Amino acid sequence: MTPERPEGEGAFPESAEPHIAVAGPDPVEPTRTPSIDPALYAALDLGTNSCRMLIARPRGSQFHVLDSFSKAVQLGVGLEASGRLSRASMGRTVQALRICQKKIEKHGVGRMRLVATEACRRARNARDFMRHVQRETGLSLEIIAPEEEARLAVVSCAPLVSKRTEELLVVDIGGGSTELVWLDLSKVPPGEKSRSIMRLYAGFSPRDDIGPVARMVDWISVPLGVATLRDQFTDVDDDSARFALMSWFFEEKLADFSPYNAETPREGFQIIGTSGTVTTVAASFLGLKRYDRNKVDGLRMTSDQIDAVIRDYLSLGPEGRRSDPRIGRDRHALIMSGAAILQALMRVWPTDRLSVADRGLREGLLYAQMCADGVLEEGPY
């Protein structure tokens, strides 16, 4: 915005001699407000551990990312004990959100959706925090329900669904919660599998007059993620014992999920995992010294390959994991609780393969906005 200038400032009074030089500061160039581009979209996901954002433009049936941001803000630190967001964690988060606001302004984003998840759903002072964010950054965040979080994670994974899939389980391992969605695709033609899942952007029960739809069998939001599960077992000193306890403790929380005890055939069953845990395990399996999304997103791993990576993590111990470049400094403290969740999931369901998705809520938010606006082309995903 152009700053308002007091009347008469920067010009000679009418009575002044035109040849007299007036000392003073150099003229200030007006600040230019970036033009708003209605074809630019932003999606921000403020979770228990991380603040992440994407800015993208629709391209065909997909979108092209122009800018991104990711920062471990640890918003949920201390939440388990106090029920409140701490002053320090809110301060870190606001700093990250200021960076996001500057990126949004710089690009002139026309459409955006900025959401907060489990930590803000649980914190008693979350509404006050939302108002504080608005005052400090100008950003309006909304706290979304677990069902919408689960649904958008599913939508983001649509391009990774196999044409042969009859039953699909999508797992999103977050910082404060883990969302699981079970879909029946048996009545959907092979060429329509991905598109049928994209149609869930408006709800788990889309209209059936727009084409074949994926049928949602069940979904659950387990209030345990990599941060909250770790916090439950901080008093266990032995590394291997802590891991085993976390894995079995998480599995117990799946009892209310209807497909937990279902006899599901191995043929035609696909499980897609989306989270920092899953992509870190995949990168470790590939031995990547520098993370490469193109190599990780869409990778299929067997249960044996996943178990081998987890055994390697355990053999490293806490100090070894801290210095392992494959894990990264931001994730070493959380990787074993995430691995415990992942191992429990692979133990329970009838598959020995996992499809790795480097995508999640942010991508789901972008797809949902673009689908609602009708700017994505109908075509193969």
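From a predicted model like this one, the values you see are computed outputs, not experimental measurements. The numbers attached to residues start from 1 for each chain and follow its sequence in the written order. Local features are withheld for residues below a pLDDT of 70 in this predicted model, meaning they are given only at 70 or higher, and side-chain atom pairs are given and counted only at 80 or more; totals for whole chains, interfaces and linings count all residues. Computation of side-chain values: all heavy atoms of the structure, hydrogens and water removed.

Chemist: I keep staring at the overall build of the protein and nothing clicks. Help me out?
Modeler: Where helices and strands are cited, they refer to DSSP runs of H or I of at least four residues and of E of at least two residues respectively, numbered from the N terminus. The secondary structure content of the protein amounts to 13 helices and 11 strands. Three exposure classes are used, based on accessible area relative to the maximum for each residue type with a 1.4 Å probe and protein chains only: buried under 20%, partly exposed in between, and exposed over 50%. Expressed as a percentage of its 381 residues, the buried residues of the protein come to 51%. Summed over all atoms, the accessible surface of the protein reaches about 19,100 Å², with 49% contributed by carbon and sulfur. Shrake-Rupley sampling with a 1.4 Å probe provides the accessible areas, and residues are treated as covered by the protein chains on show and by no other component.

Chemist: Hey, could you run me through the sheet that holds strand S8 (residues 215–222) in this one?
Modeler: Backbone-to-backbone hydrogen bonds join strands into a sheet, with any given pair of strands oriented parallel or antiparallel. Pairing in this open sheet of 6 strands is mixed, and the strands run S8-S7-S6-S9-S11-S10 from one edge to the other. At either end of the open sheet lies a strand with only one pairing partner, and these are S8 and strand S10 (300–302). Pairs of neighbouring strands in the sheet enclose a mean axial angle of 20°, with direction left out of account. Examined bridge by bridge, strand S7 (residues 178–184) and S8 share 7 bridges and lie antiparallel to one another. Each bridged residue has a counterpart across the sheet, and for Asp184 the counterpart in S8 is Arg215. Should any heavy atoms of two residues lie within 4.5 Å, those residues are considered in contact. Axis lines are fitted to C-alpha atoms, over the contacting stretch for helices. Their N-to-C directions set the angle, which ranges from 0 to 180 degrees. Against the sheet, helix H5 (residues 146–156) makes contact with strand S6 (167–173), S7 and S8, and its axis sits at roughly 60° relative to S7, the strand it touches most. In this description, strands pair whenever DSSP reports at least two bridges between them.

Chemist: Explain the packing of H5 against helix H13 (residues 361–373) here, please?
Modeler: A pair of packed helices can be characterised by two numbers: the angle between their axes and the separation between those axes. One way to put it is that H5 packs onto H13 with a least axis distance of 7 Å and a crossing angle of 80°. The orientation of H5 with respect to H13, classified from their angle, is roughly perpendicular. Within the contact between the two elements, H5 uses Glu149, Leu152, Val155 and Ser156 and H13 uses Leu361, Glu363, Gly364, Leu365, Tyr367 and Ala368. Throughout, the ten residues Ala, Val, Leu, Ile, Met, Phe, Trp, Tyr, Cys and Pro are labelled nonpolar, Asp, Glu, Lys and Arg are labelled charged, and all others, Gly among them, are labelled polar. Per-class residue counts for the contact of H5 with H13 are 6 nonpolar, 2 polar and 2 charged. Each angle receives one of four descriptions, namely roughly parallel if under 35 degrees, roughly antiparallel if over 145, roughly perpendicular if within 65 to 115, and oblique otherwise.

Chemist: Just checking my understanding: could you explain the packing of helix H9 (residues 276–286) against helix H11 (residues 303–323) for this structure?
Modeler: Contact geometry for H9 and H11: axes closest at 10 Å, N-to-C directions at 90°. By the angle between their directions, the pair H9 and H11 is classed as roughly perpendicular. Touching Thr280, Val281, Ser284 and Phe285 of H9 are Gln305, Ile306, Val309 and Tyr313, all from H11. Here the residues of the contact of H9 with H11 sort into 5 nonpolar, 3 polar and no charged.

Chemist: Please explain the packing of aromatic side chains as it appears in this structure.
Modeler: The geometry of an aromatic ring pair is captured by two quantities: the separation of the ring centres and the angle between the planes. Each pair of aromatic rings taken from Phe, Tyr and Trp, with Trp reduced to its six-membered ring, is defined by centres within 6.5 Å and is described as stacked if the planes are under 30 degrees apart, edge-to-face if over 60, and tilted in the remaining cases. Applying the stated rule across the entire model yields 5 aromatic pairs. Aromatic pair Trp182 and Trp349: ring centres 6.0 Å apart, planes at 50°, arrangement tilted. Of this pair, Trp182 sits in strand S7 while Trp349 sits in the loop between helix H12 (335–348) and strand S11 (353–357), and the two are 167 residues apart along the sequence. Take Trp182: its relative accessible area is 2%, and that puts it in the buried class. Here Trp349 falls in the buried class, since its relative accessible area comes to 4%.

Chemist: Even after reading the chapter, I still don't get the pairing of strand S3 (residues 62–72), so can you show me in this structure?
Modeler: Here is the key point about a regular strand: its side chains alternate between the two faces of the sheet. Looking at chain direction, strand S2 (residues 50–59) and S3 are connected through 10 bridges and run antiparallel. Opposite Pro58, over in S3, you have Phe63 as the bridge partner. Remark: 2 residues form the turn of the hairpin made by S2 and S3, two consecutive strands paired antiparallel; Gly60 in that turn has positive phi of roughly 65°.

Chemist: Any chance you could explain helix H4 (residues 126–137) here in plain terms?
Modeler: Helical geometry note: an α-helix holds 3.6 residues per turn, so side chains three or four residues apart project in the same direction. In this scheme, a helix's expected span is set at 1.5 Å multiplied by one less than its residue total. If you check H4, its first and last C-alpha atoms are 16 Å apart, about what 12 residues at 1.5 Å a residue would give, namely 16 Å. Listed as buried for H4 are Ala126, Phe129, Met130, Val133 and Thr137. Here the buried residues of H4 occupy an arc of 105° about the axis, which is enough to place them on one side. Of the exposed residues in H4, the ones pointing more than 90 degrees away from its buried face are Arg127 and Arg135. On its buried face, H4 is in contact with strand S1 (37–46), helix H2 (87–107), strand S4 (109–116), helix H3 (118–122) and strand S5 (142–143). Just past H4, the residue Gly138 takes up positive phi, approximately 80°. The directions considered for the arc are those from the helix axis to the C-beta atoms.

Chemist: Even after reading the chapter, I still don't get the pairing of S4, so can you show me in this structure?
Modeler: Where S1 meets S4, 7 bridges bridge the pair, whose relative direction is parallel. Within S4, the residue paired with Tyr41 across the bridge is Arg111. Pairing between S4 and S5: 2 bridges, direction parallel. Across the sheet, residue Ala116 finds its bridge partner in S5, namely Ile143.

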